[in-house]
Amino acid sequence: MVALSQKLLVTSMEKPSRRSPQLSFDQVFRLASLSSALIVLIVLAGIIGSMIYGGLPAFREFGFGFITSSVWDVQRDQYGAWVAIVGTLTSALIALVIGVPISLGIAIFLTQLCPPWLKRPVSTTIELLAAVPSIIYGMWGLFVFAPLFAQFVQIPVSSIVEGLPVFGTILYARTPSGVGVLTAGIILAIMIIPFIASISRDILDQIPPVLRESAYGIGCTTWEVVRHVLLPQVGVSVIGAIMLGLGRALGETMAVTFVIGNANRLSPSLFDPGSTIASRIANEFNEAIGLQLNALMALGCILFLVTFTVLVIARVLVARVKMR
Amino acid sequence: MKIVSYAAALGLAVASCSLAVSAAEITGAGATFPFPIYARWAEAYNKETSNRLNYQSIGSSGGIRQIRAKTVDFGATDAPLKAAELEKDGLVQFPVVMGGVVAVYNVQGVPAGQMKLTGEVLADIFNGKISKWNDAKIAQLNQGAALPDAAITPVYRSDGSGTTSVFTTYLAQVSEGWKSGPGVGASVQWPVGQGGKGNEGVAALVQQVPNSIGYVEYAYAKQNSIPFTQLQNKNGKFVSPEAKTFQAAAASADWKSAPGFGISLTNQPGDEAWPITAPTFILVHKAPEKPEQVAEALKFFDWTFEKGDQMAAELDYVALPAQVKDLVRASWKADIKDKSGQPLFKK
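The shown structure was predicted, so the numbers you read here are calculated from the model rather than taken from an experiment. (Residues numbered from 1 in each chain as written. Chains lettered and ligands numbered in written order. Predicted model: local features only at pLDDT ≥ 70, side-chain atom pairs only at ≥ 80, totals over all residues. Heavy atoms only, no water.)

## Here's the deal with the interface of chain A and chain B
Interface size is commonly expressed as the accessible surface area that is lost when the partners come together.
Then comes step 1: Contacts between chain A and chain B engage 31 residues on the former and 35 residues on the latter.
Then comes step 2: Interface area for chain A against chain B, summed over the two sides, is near 2400 Å², with a carbon-plus-sulfur share of 44%.
Then comes step 3: Looking only at chain A, the three residues that lose the most surface to chain B are A:Gln75, A:Arg265 and A:Glu287, adding up to 25% of its buried area.
Then comes step 4: For the pair chain A and chain B, the interface holds zero salt bridges.
Then comes step 5: For the interface between chain A and chain B, the tally reads 16 residue pairs in polar contact (both at pLDDT 80 or more).
Then comes step 6: Of all elements in the fold, only β1 (72–73), α6 (134–161), α11 (254–259), α12 (277–284) and α13 (291–323) of chain A reach the threshold of two or more residues within the side of chain A that touches chain B.
Then comes step 7: For the side of chain A that touches chain B, the leading source of residues is α6(A), giving four residues.
Then comes step 8: Classifying every residue of the side of chain A that touches chain B by side-chain character gives 16 nonpolar, ten polar and five charged. (Contact = heavy atoms within 4.5 Å. Buried area = accessible area lost by both parts, 1.4 Å probe. Salt bridge = Lys/Arg side-chain N within 4 Å of Asp/Glu carboxyl O. Polar contact = N/O pair within 3.5 Å; in protein donor to acceptor, adjacent residues only side chain to side chain. Helix = DSSP H or I, 4+ residues; strand = E, 2+ residues; numbered from the N terminus. Nonpolar A, V, L, I, M, F, W, Y, C, P; charged D, E, K, R; others polar.)

## As for the packing of helix α5 (residues 116–131) of chain A against helix α8 (residues 181–205) of chain A
Residue and element names in this part refer to chain A.
Then comes step 1: Contact pair α5 / α8: the axes reach a minimum separation of 8 Å and the direction vectors enclose 135 degrees. For the element pair α5 / α8, the angle class is oblique. Taken as a pair, α5 and α8 cross one another with a handedness that is left-handed. Residues Ser123, Ile126, Glu127, Leu129 and Ala130 of α5 form the contact with α8, whose own contacting residues are Pro194, Ala197 and Arg201. (Axes fitted to C-alpha atoms, helices over the stretch in contact; angles between N-to-C directions. Parallel < 35°, antiparallel > 145°, perpendicular 65-115°, else oblique. Left-handed = near helix turned anticlockwise from the far one by under 90°.)

## Focus: helix α3 (residues 60–68) of chain B
Residue and element names in this part refer to chain B.
Then comes step 1: Among all positions in α3, only Ser60, Ser61, Gly62, Gly63, Ile64 and Ile67 are buried.
Then comes step 2: Next to the buried residues of α3 lie β1 (25–30), β3 (74–77), β4 (91–106) and β11 (277–285).
Then comes step 3: Positive phi appears at lysine 70, one or two residues downstream of α3, with a value of about 60 degrees. (Buried < 20%, exposed > 50% of the residue type's maximum accessible area, 1.4 Å probe, protein only.)

## So, unusual backbone geometry
Then comes step 1: The phi angle at A:Asp77 is positive, at roughly 55 degrees, despite the residue not being glycine.
Then comes step 2: Residue placement: A:Asp77 occurs in the loop between β1 and β2 (78–79).
Then comes step 3: Classification of A:Asp77 as partly exposed rests on a relative accessible area of 33%.
Then comes step 4: Its identity is not glycine, yet B:Asp316 carries a phi of approximately 65 degrees, on the positive side.
Then comes step 5: Positionally, B:Asp316 belongs in the loop between α13 (309–314) and β12 (318–319).
Then comes step 6: Owing to a relative accessible area of 13%, B:Asp316 belongs among the buried residues under this scheme.

## Section: the UniProt feature "transmembrane region" (unreviewed entry) in chain A
Residue and element names in this part refer to chain A.
Then comes step 1: In this numbering, the UniProt entry assigns the feature "transmembrane region" (unreviewed entry) to residues 28–53, 79–110, 122–146, 152–172, 179–199 and 295–318.
Then comes step 2: Each end of residues 152–172 is marked by a C-alpha atom, and these two atoms are 14 Å apart; helix forms 67% of the span and strand 0%.
Then comes step 3: Helix makes up 90% of residues 179–199 and strand 0%, whereas the separation of the span's terminal C-alpha atoms amounts to 30 Å. (UniProt positions renumbered as here; feature names shortened; annotations may be inferred.)

## Let's talk about a nonpolar patch on the surface
All names here are of chain A.
Then comes step 1: A cluster of nonpolar side chains, Ile39, Val43, Leu44, Ile47, Ile48, Ile52, Leu56 and Phe304, forms an exposed patch at the surface whose accessible area comes to about 630 Å².
Then comes step 2: In terms of residue count, helix α2 (residues 19–62) provides more of the nonpolar patch than any other element does, seven residues in total.
Then comes step 3: Secondary-structure assignment places valine 43 in helix α2. (Patch = residues over 30% accessible without salt bridge, like charges linked within 9 Å, V, L, I, M, F, W, Y side chains within 5 Å. Areas by Shrake-Rupley, 256 points an atom, 1.4 Å probe, with all protein chains shown as cover.)

## Quick word on the environment of B:Val284
Residues and elements named next belong to chain B.
Then comes step 1: Relative to the elements of secondary structure, valine 284 occurs in strand β11.
Then comes step 2: With relative accessibility at 1%, the residue valine 284 sits in the buried group.
Then comes step 3: On a C-alpha basis, the gap between valine 284 and lysine 325 in space is 17 Å, while along the polypeptide they are 41 residues apart.
Then comes step 4: Once residues within four sequence positions are removed from consideration, valine 284 is found in contact with Ile67, Asp73, Phe74, Gly90, Leu91, Val92, Phe94, Val294 and Ile336.

## With respect to helix α10 (residues 222–251) of chain A
Then comes step 1: Between the first and last C-alpha of α10(A) there are merely 37 Å, a value that for 30 residues lags more than 12% behind the 44 Å anticipated at 1.5 Å per step.
Then comes step 2: Residue A:Gly235 marks the point of greatest curvature in α10(A), where the axis turns by about 65 degrees. (Expected span 1.5 Å × (residues − 1). Bend = angle between axes of the 7 residues up to and from the residue.)

## Things to note about the pattern of salt bridges
Residue and element names in this part refer to chain B.
Then comes step 1: In the structure shown here, the tally under the stated rule is 21 salt bridges over all chains.
Then comes step 2: Between glutamate 314 and arginine 40 there is a salt bridge, and its shortest N-O distance comes to 2.7 Å. With a gap of 274 residues between them, glutamate 314 in helix α13 and arginine 40 in helix α2 (residues 35–49) connect regions that are remote in the sequence.
Then comes step 3: For aspartate 326, the salt bridge identified is with arginine 329, shortest N-O distance 3.2 Å. Highlighted residues: aspartate 326 and arginine 329, both in helix α14 (residues 322–335), separated by three residues, approximately one helical turn.

Structure (structure tokens):
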């Protein structure tokens with residue numbers, strides 16, 4: 001077998017002269033890869049174009065008020081995106097606040113502290129989490145998580161904070177049903193953890209061991225090594241990982257639709273139902289006609305814009321850290 | 001040997017494909033509410049005639065869009081189109097089967113089927129005007145019941161749906177406040193409560209949230225044994241949702257009063273009539289571009305009128321009364337013609 005492959009190697013090395021077919025293949029290959037890249041661009045441009053085209057009537061009808069108004073009344077054809085925008089940002093923010101520390105904890109544990117025999121099972125489990133379809137998270141969230149959350153979190157917390165300033169509003173559930181903005185944020189956190197954790201783990205793995213070893217060598221504790229040696233090294237790339245998670249949290253549709261409660265009302269309490277841009281589109285697109293359809297398209301445009309802005313901010317942050 | 005058997009199998013597959021092509025394939029799209037019964041009928045029809053029905057349950061407005069664009073042989077919608085809209089697009093509309101919407105509740109101390117409500121009280125609950133279960137208006141209807149001193153959580157369909165359309169039609173008929181407030185439609189602006197996606201989302205919330213009330217299709221509530229309320233009908237009688245009371249609502253209705261049978265069966269008179277009953281409709285073109293396809297579709301619906309009642313009952317839908325079926329057949333003969341002006345439905 002080895003002899004055969006060696007012989008093949010030799011024969012192929014002996015014939016370097018047949019250039020022309022190689023060149024043409026190269027050209028074909030180049031064209032093929034170029035067109036693959038172009039397809040992505042064309043599809044993206046097409047999507048943006050058709051979203052803007054579809055949303056234009058709504059933007060024209062309501063102007064800037066489309067973003068600031070919180071009315072969404074299909075019967076009177078009045079549409080405003082404010083409630084959905086706030087819901088989208090709030091639920092994504094909750095997801096980051098819960099998800100990022102846990103993800104970083106996982107990544108640090110796996111790369112620095114984990115005994116080798118445990119490493120594989122833990123990383124496989126996390127990767128499996130990423131493979132769970134979002135509808136499963138939604139159903140699990142609604143049927144399993146929400147009742148438990150109502151019983152063990154919403155009811156006790158509400159009875160503790162009732163009447164307190166600030167907390168009495170933010171964490172008070174008038175109707176402890178288990179679904180709401182906070183529930184959506186928690187489900188989203190579970191969904192983005194595998195992404196942030198596994199990318200952060202890969203990044204931490206790439207740090208040369210000599211750096212860590214020398215830090216330990218001068219007597220640093222594990223915390224000091226992580227805090228002052230490893231994290232500064234990977235800062236930029238971890239921001240990238242977090243932004244990827246944020247992107248998923250902003251656009252997640254099915255899971256959120258199941259557990260957010262789908263109410264078009266702004267409420268100061270995180271336990272109250274709300275809605276996100278994606279959940280509203282998922283709910284209403286089926287039966288939308290006329291201006292309602294345009295308004296949903298316009299919502300899509302806004303989601304595009306929000307996600308795009310997040311990406312740009314991420315890039316700017318990364319660039320700034322690199323400059324230093 | 002292996003190759004030969006593969007080839008034989010391939011040949012068979014090709015042959016069966018070409019056989020399938022020779023049988024008619026009817027395409028339709030629209031309402032999700034009647035999808036289970038259409039699928040059941042299609043399966044039985046396919047066994048009997050080898051004709052296929054390809055029905056996509058994409059939602060009523062999707063069905064209307066598709067039949068307008070002529071991409072399907074028939075469209076299906078829960079909320080009837082108005083006469084002007086039918087006229088504009090040259091469409092014929094007819095009902096095929098009925099169903100009911102029921103109010104489901106989760107209140108401890110009131111056994112299943114014992115809660116009595118009037119339409120007005122139901123509207124006030126979903127409007128937020130009645131916010132506690134021990135409100136005097138509810139207590140008056142349920143004397144002797146141990147109604148809790150707890151806030152009511154109304155649960156609604158968050159997705160646009162024919163069920164919501166039927167439910168809000170009823171609320172607007174019985175309550176001025178609802179008519180001038182949230183109004184009627186596949187999705188309305190709910191002043192209070194929580195939204196669940198689909199029947200299953202509403203049912204899950206109602207079952208999980210104590211002191212909640214929601215609305216789902218009757219079939220869904222019955223098959224999942226979710227407690228539903230009695231309602232007071234137009235004649236002032238309290239009735240429970242069941243096949244008998246749905247039929248009573250259909251029997252007392254004046255089907256000829258609206259073009260395309262586009263009447264609402266909500267709030268019908270009759271001592272036994274369930275007040276939130278609704279037919280679901282089919283749309284076809286008056287002068288279709290593919291007359292032979294529409295003729296096949298009409299044959300299918302005629303077959304369901306003849307042999308589909310039992311299957312409908314098994315799935316908790318309600319068949320149309322016999323005289324309504326005859327009216328529908330007559331309208332096919334009168335209105336749906338091929339290019340030479342001959343009626344497509346021959347019988």
